[in-house]
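Chain by chain, the residues:
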Amino acid sequence: MEEKELLEKNRFTEEEYKKKVKEQFRQMLEDIEMEEIRKKQERKANADMRKLKRMVQNKKEVDEFVKKLLKGRNND
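These remarks concern the structure in this document. (Residues numbered from 1 in each chain as written. Predicted model: local features only at pLDDT ≥ 70, side-chain atom pairs only at ≥ 80, totals over all residues. Heavy atoms only, no water.)

For the protein, the count of helices and strands is 2 helices and 0 strands. Expressed as a percentage of the 76 residues in the protein, the buried residues total 3%. (Helix = DSSP H or I, 4+ residues; strand = E, 2+ residues; numbered from the N terminus. Buried < 20%, exposed > 50% of the residue type's maximum accessible area, 1.4 Å probe, protein only.)

When the charged atoms of two side chains lie near each other, side chains of opposite charge can form a pair. Counted by the stated rule, this structure contains 7 salt bridges. Across the pair Glu35 and Arg38 runs a salt bridge, and its minimum N-O distance is 2.5 Å. On the criterion of helical spacing, the pair formed by Glu35 and Arg38 is a turn pair, its members being 3 residues apart in helix 2 (residues 14-75). Its salt-bridge partner being Lys44, residue Asp48 comes within 3.3 Å of it at the nearest N-O pair. One end of the pair is Asp48 and the other is Lys44, both in helix 2 and 4 residues apart, which spans about a single turn. With a relative accessible area of 41%, Asp48 lands in the partly exposed category. A residue is classified by how much of its surface remains accessible, and Lys44, at 53% relative accessible area, is exposed. Through salt bridges with shared partners, a single ionic network connects Glu23, Arg26 and Glu30. (Salt bridge = Lys/Arg side-chain N within 4 Å of Asp/Glu carboxyl O.)

What follows is the structure in structure tokens.
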């Protein structure tokens, strides 16, 4: 079929088809890259949250220890 007939039937020429396939492939690669970036950010956020929880737990333990020391000191 000629290019004109293809356009009239709402189909793509070979060049247009290749262009669309190339664009879809590029979009897929971009989506994969964005997913990898999102996963890395999520892992970092989770690691930061675990670190923060450890810090809070350590502070609670230290506060409790100091409280016991002061209580024992006041009883002497």
